[in-house]
Structures are given as C-alpha cells and as structure tokens.
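Given next are the chains, with one letter for each unit.
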Amino acid sequence: MRYRHRTTVVTALGLVVLTDVLRVFLPSVITIFGQAASTPAELLGAFALGWFVLALAVPPLLRRAGVRPVALAAAVVLAGARLAVTGFPGGRVQLWLATAGLVAGLCWLTAVAAGSNRPVPGLALGLAAAAVLHAVSDTYRSPWLGGAEVWVLGVVLAVLFLAGQALPAPPAGAGGARAWLLVGPALLLAGMVALSPAVARTAMSYQFGLLESSPAQGSGAAVAPLFGPLPVAVAVGGFLLAALTPPRRPAGRWIGPVALLAGAVLVALGRGELLLPAVLLTAVGLGACLARCDSTEEPAPAIPTTRIEPATVPAGVSSATAATGPTPPTAPAGGAPAAENTSVEPWAGGPGDGEASGFHRAAGRRGYATVGGMLVFAVAAVLYYAAYDLGYPNGWVPVAVAVLTAFVALSAGPVPTRTGPVPARTVPSLPPVRTAACATALALVAALTVDETLVAGNREGPPATVRVAAYNIRMGFGIEGRFDPDALARAVGRADVVVLSEVDRGWLLNGGHDTLDLLAERLDMPYVFAPAADPLWGDAVLSRWPLAAARTRRLPAVGAPTGAQALGVTVDLGADVRLAVVATHLQPPPGREPVVQARAVASFALGYAAGRPLVVAGDLNTEPGAPGFAEFTRAGLVDTLAAARPLPTSPADDPREQIDHVLVSPGLTGADAVAPRGTASDHLPVAVTLTLPPA
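Predicted model only: the values in this text are computed from it and were never measured. (Residues numbered from 1 in each chain as written. Predicted model: local features only at pLDDT ≥ 70, side-chain atom pairs only at ≥ 80, totals over all residues. Heavy atoms only, no water.)

Enquirer: Got a minute to help me understand the pattern of salt bridges in this structure?
Expert: Two side chains carrying opposite charge are able to pair once their charged atoms lie near each other. Under the criterion given, the structure shown has 17 salt bridges. When the shortest N-O distance is used, the salt bridge between Arg-201 and Asp-514 registers 3.5 Å. Taken as a pair, Arg-201 in helix α10 (residues 197–209) and Asp-514 in the loop between β3 (497–504) and α19 (515–523) lie far apart in primary sequence, 313 residues in all. On the basis of relative accessible area, Arg-201 is assigned to the buried category, the value being 0%. According to the relative accessible area criterion, Asp-514 is buried, its value standing at 0%. Among the ionic pairs, Asp-672 bridges to Arg-494, the shortest N-O distance being 3.2 Å. Placement of the pair is Asp-672 in strand β12 (residues 669–674) and Arg-494 in the loop between α18 (485–492) and β3, with a sequence separation of 178 residues. In this structure, a network of salt bridges that share partners links the residues Asp-138, Arg-201, Arg-505, Asp-514 and Asp-517. (Salt bridge = Lys/Arg side-chain N within 4 Å of Asp/Glu carboxyl O. Helix = DSSP H or I, 4+ residues; strand = E, 2+ residues; numbered from the N terminus. Buried < 20%, exposed > 50% of the residue type's maximum accessible area, 1.4 Å probe, protein only.)

Enquirer: I keep staring at empty space enclosed by the protein and nothing clicks. Help me out?
Expert: Over the atoms, a rolled probe matching the size of one water molecule traces out where space is still vacant. As enumerated under the stated definition, the model contains one cavity of 30 Å³ or more in all. The space that makes up the largest cavity amounts to roughly 140 Å³. In terms of lining, the largest cavity is formed by 15 residues, of which the most central are Thr-19, Arg-23, Leu-127, Leu-187 and Gly-191. Broken down by secondary-structure element, the contributors of at least two residues to the lining of the largest cavity are α1 (6–33), α6 (120–136) and α9 (183–194). Looking at the lining of the largest cavity residue by residue, the classes come out as ten nonpolar, three polar and two charged. (1 Å grid on protein atoms, 1.4 Å probe; cavity = no way out; pocket = protein on both sides within 12 Å on 5 of 7 lines; lining within 4 Å. Points joined across faces, edges and corners; volume = space filled by probe spheres on them. Nonpolar A, V, L, I, M, F, W, Y, C, P; charged D, E, K, R; others polar.)

Enquirer: In this structure, what is going on with the nonpolar core? I would like to understand it.
Expert: Most often, soluble globular proteins have nonpolar side chains that are buried together. Core analysis: the biggest nonpolar cluster contains 148 residues, and Phe-52 and Leu-195 have the highest contact counts within it. Broken down by element, the residue count for this core peaks at 14 residues, all from α1. Other than its neighbours up to four places away in sequence, Leu-195 contacts Leu-127, Ala-128, Ala-131, Ala-190, Val-232, Ala-235, Val-236, Phe-239 and Ala-283. Residues Val-223, Leu-573, Leu-647 and Val-688 belong to the second largest nonpolar core, which totals 35 residues. (Core = buried A, V, L, I, M, F, W, Y, C linked by side-chain atoms within 4.5 Å. Contact = heavy atoms within 4.5 Å.)

Enquirer: I tried to follow the sheet that holds strand β9 (residues 614–619) on my own but got confused; where do I start?
Expert: Pairing between sheet strands relies on hydrogen bonds along the backbone, with the strands arranged either parallel or antiparallel. Across the sheet, six strands lie side by side as β6-β7-β8-β9-β11-β10; this open sheet has mixed pairing. Of all strands in the sheet, those with a lone pairing partner are β6 (547–554) and β10 (638–639), marking the two edges. Sheet topology places strand β8 (residues 577–585) next to β9; six bridges connect them, and they run parallel. Following the sheet pairing, His-585 is matched in β9 by Asp-619. (Pairing = 2+ DSSP bridges.)

Enquirer: I would appreciate a short explanation of the environment of Thr-8 in the present structure.
Expert: Within the secondary structure, Thr-8 sits in helix α1. Since its relative accessible area comes to 6%, Thr-8 is described here as buried.

Below you can see the structure in the form of structure tokens.
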C-alpha cells in the first residue's frame, strides 16, 4: 500500500465496518429497546441521540491520551462488536453489542478526523464500498447473514482494518473541518436514498412496474422488476466520479449543490415514480459536494518532538537556534526561511505552543466537526422516522440536510497560500475514472447475478382451492429484534396467496433491507406493492399465480400518524377464473376503533371486485364484534376464521388480540384456519384454505 493511500484505505474500511454496526444499532433501538409503536417515540429518540451526544467527550479525551492510542483502541472495539453481532440471535445482548460498536465507531471516527485533514477520498470510497457490499448481499445486511463465508468476510475485513490502523499515519496538515462536518449528512443521504440498493430496486419497481392506479390519490402500485438494483451501479459510479474529480471551473461549483437539492426535493414529494431520478441526482450531487470540500491545504512547519539540551549546543550556535532546529538550507538568500512541507500528528507529543498549538486547534476543529456531523445524522434520522409515530410532516428533513450539505460545499473557497489563492484541490488522491469504473462494475455484477427473476408458477389452473395467508411482518424483525426473512418464509408455509402488512423496502432506520424482495425470493412468488407511509413502507400481495389490474386507494388518516391504504389485485387462476384480493393495514389512533377506515376499505373492495370472488385480508387492528369489524360484516363479508376462534395473533410471544383477519365474499368457504406459533414477527400469521365457487 502506498504510504499516501494508507489513511484513505483505512478510513474506507472503518466506514464500512461502522455502517454495518449502525445498521444493526438503529433497528435494535426500535425492536429491542422499544417495541415499535408501543414505546413512545420520544423515548426511543432520546436513547439513540444520547450515544451520539456522548461523542462530544472524545476531542478532550484525544488531547489527553493522544490520537493514535484512542484510534487503535476504538478500532479494536468497533471491529470486535462488528464480529460479535454476526450470527447473534438478537435480544438485549445484540442491542448492547451494537451500542458498544456505535460508541467505539464514533470515537474512532473522531480520532481519525483529528489526525487527517483530507478525508474525502476515504469517505467516498467507504460509502461506495458499503453500497457495493450491500448490493452483493441482496440488501441483506451482512452482520445478520449466517454461514462460514460471512464469518470469513467479517474476519478479513476486521483484520485489514486493524492492520491498517496499527500502521503509523501520515502527518496531518491544517484544515479539513468542512469535509469532516459532512460525514454525518453524507451517511444519512447515502443510506436513505443515494447509495441504497434497496431504494434503487424499489425505484425500478415503480418506474418500470407501475400498474394502473388512481392519479388523484397520488399513489401507485409497484411490481417485481427485472435487475432491480441496476440503478445503484450507476449511482455508485456517478458518486465516486463526482467525489474524486477536482472541480475545474467556477460555474461547476453550483452543479453538485443544485443536483443534491433537486434529488432531496424529489424524495420529499413522496412519489414512488420519482424515486429513480432522486437516487441518481442525490448520488451525483452528494459526491460533487464532497469534492468541493476536499482540500490539500499547505501544512505549517513541523514542530520537533525533541529538544537539544543546552550542554550539547555547539559553540557559536544560539540557544534559540538549538531550541527550534537549524534554518532550512533551502531558504532564499536575504529572505525568510521557506516552510518545510511536513507536519506533526496532533496531540501525539503533548501540548505545545506557537505553531504546534495551531495544529492542536486544527485537530480539535476537525474532531468537533465530525461529532457535529454525526449529531446531524442522528437528529435528522430521529426527526424523519419519528414523524410516522408523532404525525408531523417529515419531507423537509432530507431537504434540510441537503441544504446544509450544499451550504458547506459552497462555502469551501480557494485555499490561501503565500502566492495567492489556488483551487481547493489540484491532485486527485485516487484516479477518479478507474476507481468509479471498478466500483460500477462490481455493483453491476451484483445487480445482474444476485437479483432473482420472480415468475408466477401455477398456470395450469383453475384450482379447486386456494390457500391464503395474512401476515404483519414488522419490517422483517422478530420479537428478539433479529432480521430473519427465512423465518418469515417458514411461517407463511404452503400458502398460494400471501397478504403482507408493515412491509419495509429500504428504510435506513430498519437497516436498509428490501424485505419484500427478500421474502418473495424465498417464496418464489412475484408481488405487487403499494405505499402507505411513504414509497418504501406499505402493504403487498404475493401469489403463485399471475397478478394483474392493481388499484390503490389512500385511506382517511382520522388522526393516525402512519398512513394507510387499500391495495386491490386480481389473481388470474386460469380459464378466465379471477380472484380479487384487497390488502390493507388499518391504522386507527391509539385507543380508537378504525371505523372510518374499515368503511372505506369495504366500499373500495366491493367496487374493485365488481362481482368477482373477493378476499379482504391484513392487520385490521379490530377484533370480531368490535365496531370496526362490524363495518366489514355489514358490507356482506364473511369471517373465514370464525370456526377456529378464538385465534389470537398479537403479540406473537403471548397472543391475546384477534386483529389479523381474512374476510371473503359470500360463495367462498374457508377451512383449516390456523395461526402458526412463532416469533419471526410481533404478529402471528393467519392462514385459511378457500374453496372457490363453481365456475
């Protein structure tokens, strides 16, 4: 490894490890420390923010203990936590391991910032590498994957990271605080949209799988796309090329901020068909903004860490010369001595004075800038996702983070030197074109090989019976807080049509998985997805038979903060036999019945079915005999689970509430109704075999 690339590579490796730990920590806060909506969002946010605030103590610690010891110790804990959560079964231990890894990661990042004034190449490479690895794992975060190959990859990554961290670091110059301030906003924007393979696949789902929908309702249905993660290869390449290419013209300084703001605005609009341009614009804009902050400011003269004792001063040499070192031989005659192009590691040799204190101040600014940037990450993430519990608009959050990023990038002007201003960067740390091309090729291979093509298999029909299951999957997380799509697939069993609630397709808060695609691949079923809270969170229908004629309808909010919708899909059973399926997840305010939403779903479902056999299924948040449930029976729908009741489904570890249902139109009969026990979600699935009416 070239000496000048050491910091870049170690920063990139550490950022990959930190990203993995962060993607375990965030969902663990929701599913282990709290129980999603049952725990106040304010308490969850305070718990998460507290650990980021704790990082404010790191810069003073670095001044006392030195950069290298703190960085190395924090790297050991970070790598150890990353390995420890691999294959761990969840629970409180997983939460505290991830928390320890997060705190260690913040300490490591702050220490690296104090000792490095040019982080952009490492940050860009790390974000891109994390995105590529995420694509290779098909959005299944590697800490939760099992198998020997995952352990080998984790160990190799940890060893390389620690080996690089143990090597002596190149000396740091002044500056770099702006770039380190952007590490938090960059992590947020990259994880939320720009470099997320799950969001890229969902964007393709909308862009090339948009079925007929109601434009007046502002929602569309999305189907399984071919080569879904393909846009992430373009996004990674564009991001790296923009981040590593020096801005050459003054007018070019506006391109990145404008693209970033445009992408954030598209995200804020909350339309699935706008996700694809949002991904590409945000990726290129974010990279260009980072490039604006990549500077090679000229370091001040080095401050020797040893002093010449008076007894060894040669005759004729003044004590001042002995104390500060000889005059550089390259000094011009009759002029001031030229500054040496070297520097010292901040706080490595104890407190100093004069120019050494300048290094201390620069290191302190970089350290506090890093902590401040990560606080922006934490605050923005909490504000964005807490809105789905507290009920305020959140589209402004990514726009505000993009505005901050653009402002910091535009404020990075030319670097003053003795001969006048020069461009903020003159020599790329990494070859932009080759680096971007390699990353794009790797992401492209992942997109073409990892993603599976989902095709309906049962085309011989029509069958005499259809097995229907309804399952609230809680974004794929079980009672113990472990993400396990294999357990979800086992819980569904031999169902032919599956209705899913609480489907997450890329929320950073939940680890950035495309839960729907992962489950669909395991069931070998194509799907139709409809957004509820935002384009990445909603309900879905999967089937072994072809799906067609999707319709969606937004439901009245009636004071509930999380959005709700009804998705109608037609299952083509062959020989001109059709089954209408409506998937929904009613979201009443706490302590109230979903009467208004239930009435709206019943009306929509009957109109959509238009006389065909109809199934309405999902988490209805109402029990048999309650006012909300009565709206469905009043509309003529029949409870297929009645013969098996009581059939409680929530909570999964101690089911007491009967809130997951399968209702049908007269003419369909149900049998063999069950709610299989398990903890792959906080709900149990319900399944019933429906006998179709005679053709």
